[in-house]
Amino acid sequence: MPMTMKSCFYPLIGDRIYGWLGDFIDIFSILTTLFGVCTSLGLGTMQVNKGLNFLNEDIAVNTTNQVIIIWAITLVATTSVVSGIGVGIRRLSEICFSLGMVIMLMVLFLEDTWYLLNLFTQSVGFYFQWLMQLGFHCDAFELSSKSFGAADRGRVYADGEGDGPLNWMDGWTIFYWGWWISWSPFVGMFIAKISRGRTIRQFINGAMTAPITYSFMWLTIFGGAGIKTERLAAGAGLCCPAWNSAVLAWDDTTFASGTEGWDITREGLKLCKGNESLSEISGACGDCEWNLVDTFVKTQADSLTVKEVVTYINDNDRWLGKYPSRTNKSFARLSCMASEEMWFANISTYGDMGPFLCIVSLVALILYFVTSSDSGSLVIDIMSANGDQDPPVLQRVFWALVEGATATALLVAGGSDALQALQTASVAAGLPYTIILCFVCISTWRALAMEAGDLDPYGLISQCPWWIPSPPCDPNFGLES
């Protein structure tokens, strides 16, 4: 049978996989894989752009640079996929894994190793303890309405909502669920391609057990390091200021007419929160915001203006509240940063090794998304070529370029909401494909049952009932007629 997704359904529908139903499954799998890989490419591009900006402030974080990064990655991925799985894809994957191991082991030993080992043991235990409950948890109360009385229960979060953030399910659970589902046809076929000839036991150990263990280690080491960094920064007094973005964006004319009656004091400097309407600004600053500008205010002359304070805030936005100072990054308040910046801020806390880890991480990040793109393109090539293990070069180039073009379209069309556009694409692809995966599970069970002789390949009649062990069971049970 051809090495495509429709072949998975042969134990269920037989030769019908060679008709329109099989073609539909393959086409749907191609589109799902395309959006899944493009979501990864888009998110990776945003983080690469932020990493470059972190290392060099002259590299702006904008859509233009992100599009350039996408096509640079696409160019390398196209070269890799044309060279084939035994050359480009394999070598790049080995380099990626090696770089990942270097970063992980360095952080393990640069950090408090005993703390991370304790956390690993504790986290694995918590995972298995809560696995069943979290598998059925849907945030029903948080999503239904705003919670009242949360303060009495000590369950108020930073966003002001009680008992849990309202957007947690959408931004994390649903998004990652859809994203991983959209990767399933690509990863499943790719692993099947490189696992041919191995037993099921070898497959489970090599393709499932080992990666899960590695994922536990990776998430524990970097998640634990991030949590510790955040706790130390909070203890050092770093905070997340709630500036009024509308005031920070004022021009000279607005400053001249909009700050009448303001004075450079904690109560009079209305730069925080409040309504963004010029006529309704009333957000006096709290402890966090005032402490961040207090030193600057005290060191200036009495003629200090509101515009000069705002200019100071805008010029120092990269570190103000996030780090102790512009040059001191021994602590980092990660919760004050965009998700794309947190990784680089966290590993920068390791003193002189910080810049080195940032550069290695940036290289690894680029190569990881190159390997995702090239292997995804290869799987799409094979499916679109009806299982041909060596699809035409022109077709490989076509699908690699389509991936780059799709990721570019999502980023550009999304604009300032590019992240939401990418998340929507993965969820939209993953949701309907979940139905197909459910039938794949049934088909896999039937294939194994037929291979073991417990199921008649030409029907649903079992030779041995489930309540009788196979050895004493008459192999002709149920087939006498």
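Since we're looking at a predicted model, the values are computed, not measured.

Quick notes on the overall build of the protein
And then number 1: The helix and strand inventory of the protein stands at 16 helices and 0 strands.
And then number 2: Counting only residues that meet the buried cut, the protein has 41% of its 481 residues in that class.
And then number 3: Excluding contacts between residues fewer than 6 apart, the proportion of contacts in the protein whose partners are at least 24 apart in sequence is 65%.
And then number 4: Just so you have it, the protein exposes about 26300 Å², and 64% of that area is on carbon and sulfur atoms.

What about the nonpolar core?
And then number 1: Core analysis: the biggest nonpolar cluster contains 99 residues, and Trp243, Leu271, Val306, Val309 and Ile313 have the highest contact counts within it.
And then number 2: With 14 residues, the top contributor of residues to this core is helix H14 (residues 353–384).

Looking at a nonpolar patch on the surface
And then number 1: A surface patch of nonpolar side chains, about 520 Å² in accessible area, is lined by Ile200, Phe203, Ile204, Met208, Ile212 and Leu448.
And then number 2: Per-element tally for the nonpolar patch: the top contributor is helix H8 (residues 200–235), with 5 residues.
And then number 3: Relative to the elements of secondary structure, methionine 208 occurs in helix H8.

Focus: unusual backbone geometry
And then number 1: The phi dihedral of aspartate 139 is positive, around 55 degrees, even though this residue is not glycine.
And then number 2: Checked against the element boundaries, aspartate 139 lands in the loop between helix H5 (113–136) and helix H6 (140–144).

Concerning the state of the cysteines
And then number 1: For the coordinates displayed, the defined rule picks out 2 disulfides.
And then number 2: Cysteine 239 shares a disulfide with cysteine 288; S-S distance 2.0 Å. Given an S-S torsion of about 90 degrees, the disulfide between cysteine 239 and cysteine 288 has right-handed geometry. Residue cysteine 239 is found in the loop between H8 and helix H9 (245–248), and its partner cysteine 288 is found in helix H11 (residues 287–299); the two are separated by 49 residues along the sequence. For the pair shown, cysteine 239 and cysteine 288 are each scored as buried.
And then number 3: Here cysteine 240 engages in a disulfide with cysteine 336; their sulfurs sit 1.9 Å apart. Judged by the sign of its S-S torsion, about -95 degrees, the cystine formed by cysteine 240 and cysteine 336 is left-handed. Of this pair, cysteine 240 sits in the loop between H8 and H9 while cysteine 336 sits in the loop between helix H12 (306–315) and helix H13 (339–347); the two residues are 96 residues apart in sequence, bridging distant segments of the chain.
And then number 4: Overall, cysteine 240 belongs to the partly exposed group, its relative accessible area being 34%.
And then number 5: Of all cysteine sulfurs in the structure, the one in cysteine 441 sits closest to cysteine 438, which takes part in no disulfide; the separation is 6.3 Å.

Things to note about the confidence of the model for the protein
It should be kept in mind that the predicted coordinates are not to be read in detail where pLDDT is low.
And then number 1: Here the protein shows a mean pLDDT of 81. Residues at 70 or above account for 85%.
And then number 2: Ranking the helices and strands of the protein by mean pLDDT puts H5 first, with 92, and helix H10 (residues 252–258) last, with 72.
And then number 3: Predicted confidence is poor over residues 477–481, with pLDDT under 50, and the contacts of this stretch with residues over four places away or in other chains come to 6 contacts.

Focus on the pattern of salt bridges
Should the charged atoms of two oppositely charged side chains come close, the side chains can pair.
And then number 1: Taken as a whole and judged by the stated rule, the model has 8 salt bridges.
And then number 2: Measuring nitrogen to oxygen at the nearest pair gives 3.2 Å for the salt bridge that ties lysine 298 to aspartate 294. Remark: aspartate 294 and lysine 298 occur in helix H11; sequence separation between them is 4 residues, near one turn of the helix.
And then number 3: For aspartate 294, a relative accessible area of 15% translates into the label buried.
And then number 4: It is possible to trace a salt-bridge network through shared partners that takes in Lys50, Lys322 and Glu341.

A word on helix H7 (residues 168–194)
And then number 1: For H7, spanning 27 residues, the distance from its first C-alpha to its last is 37 Å, which sits close to the expected 39 Å at 1.5 Å a residue.
And then number 2: A maximum bend of about 45 degrees is found in H7 at serine 184, where proline proline 185 lies one to four positions downstream.
And then number 3: Taken together, the buried positions of H7 are occupied by Met169, Phe175, Gly178, Trp179, Ile181, Ser182, Trp183, Pro185, Phe186, Met189 and Phe190.

Details of the packing of helix H2 (residues 20–55) against H14
Two quantities define a packed helix pair, namely the angle between the helix axes and the distance between the axes.
And then number 1: As a packed pair, H2 and H14 sit with axes 10 Å apart at the nearest point and diverge in direction by 165 degrees. Comparing the axis directions of H2 and H14 gives the class roughly antiparallel. Between H2 and H14 the crossing geometry is left-handed.
And then number 2: Its residues assigned to classes, the contact of H2 with H14 comprises 16 nonpolar, 10 polar and 1 charged.

Let's talk about the packing of helix H3 (residues 63–83) against H14
And then number 1: It is at 8 Å that the axes of H3 and H14 come closest, and there the two elements cross at 50 degrees. Judged by the inter-axis angle, H3 sits oblique to H14. Judged by the sense of rotation from one axis to the other, the crossing of H3 with H14 is right-handed. Along its contact with H3, which presents Ile73, Val76, Ala77, Ser80 and Val81, the element H14 presents Ile366, Phe369, Val370, Ser373, Asp374, Ser377, Leu378 and Asp381.
And then number 2: Tallied by class, residues from the contact of H3 with H14 come to 8 nonpolar, 3 polar and 2 charged.

Here we look at the side chain of serine 7
And then number 1: By the element assignment, serine 7 lies in the segment before helix H1 (10–13).
And then number 2: Those residues in contact with serine 7 that sit more than four places away from it in its chain are Met1, Pro2 and Ile17.

Section: the packing of aromatic side chains
And then number 1: On inspection of all chains with the given rule, the structure shows 19 aromatic pairs.
And then number 2: With centroids separated by 5.6 Å and ring planes inclined at 70 degrees, the aromatic side chains of phenylalanine 28 and tyrosine 433 adopt a geometry described as edge-to-face. Of this pair, phenylalanine 28 sits in helix H2 while tyrosine 433 sits in helix H16 (residues 418–451), and the two are 405 residues apart along the sequence. Tyrosine 433 matches phenylalanine 28 in its accessibility class, with the two residues each being buried.
And then number 3: Ring plane angle 45 degrees and centroid distance 5.5 Å describe the contact between tyrosine 176 and tryptophan 180, whose orientation is recorded as tilted. Placement of both tyrosine 176 and tryptophan 180 in helix H7 is noted, with a separation of 4 residues, approximately one turn of the helix.
And then number 4: With a relative accessible area of 59%, tryptophan 180 lands in the exposed category.
And then number 5: Members of the aromatic cluster, joined through ring pairs, are Phe97, Tyr214, Trp218, Phe222 and Trp343.
And then number 6: If you follow lysine 329 out to its NZ or CZ, it ends over the ring of phenylalanine 54, 4.5 Å from the centre.
And then number 7: Cation over ring: lysine 329 sits above tyrosine 323, and NZ or CZ is 5.2 Å from the ring centre.

What counts as what
Residues numbered from 1 in each chain as written. Predicted model: local features only at pLDDT ≥ 70, side-chain atom pairs only at ≥ 80, totals over all residues. Heavy atoms only, no water. Helix = DSSP H or I, 4+ residues; strand = E, 2+ residues; numbered from the N terminus. Buried < 20%, exposed > 50% of the residue type's maximum accessible area, 1.4 Å probe, protein only. Contact = heavy atoms within 4.5 Å. Areas by Shrake-Rupley, 256 points an atom, 1.4 Å probe, with all protein chains shown as cover. Core = buried A, V, L, I, M, F, W, Y, C linked by side-chain atoms within 4.5 Å. Patch = residues over 30% accessible without salt bridge, like charges linked within 9 Å, V, L, I, M, F, W, Y side chains within 5 Å. Salt bridge = Lys/Arg side-chain N within 4 Å of Asp/Glu carboxyl O. Disulfide = S-S within 2.5 Å. pLDDT = per-residue confidence, 0-100. Expected span 1.5 Å × (residues − 1). Bend = angle between axes of the 7 residues up to and from the residue. Axes fitted to C-alpha atoms, helices over the stretch in contact; angles between N-to-C directions. Parallel < 35°, antiparallel > 145°, perpendicular 65-115°, else oblique. Left-handed = near helix turned anticlockwise from the far one by under 90°. Nonpolar A, V, L, I, M, F, W, Y, C, P; charged D, E, K, R; others polar. Phe/Tyr/Trp six-rings, centres within 6.5 Å; stacked < 30°, edge-to-face > 60°. Lys NZ or Arg CZ within 6 Å of the ring centre and 35° of its normal.

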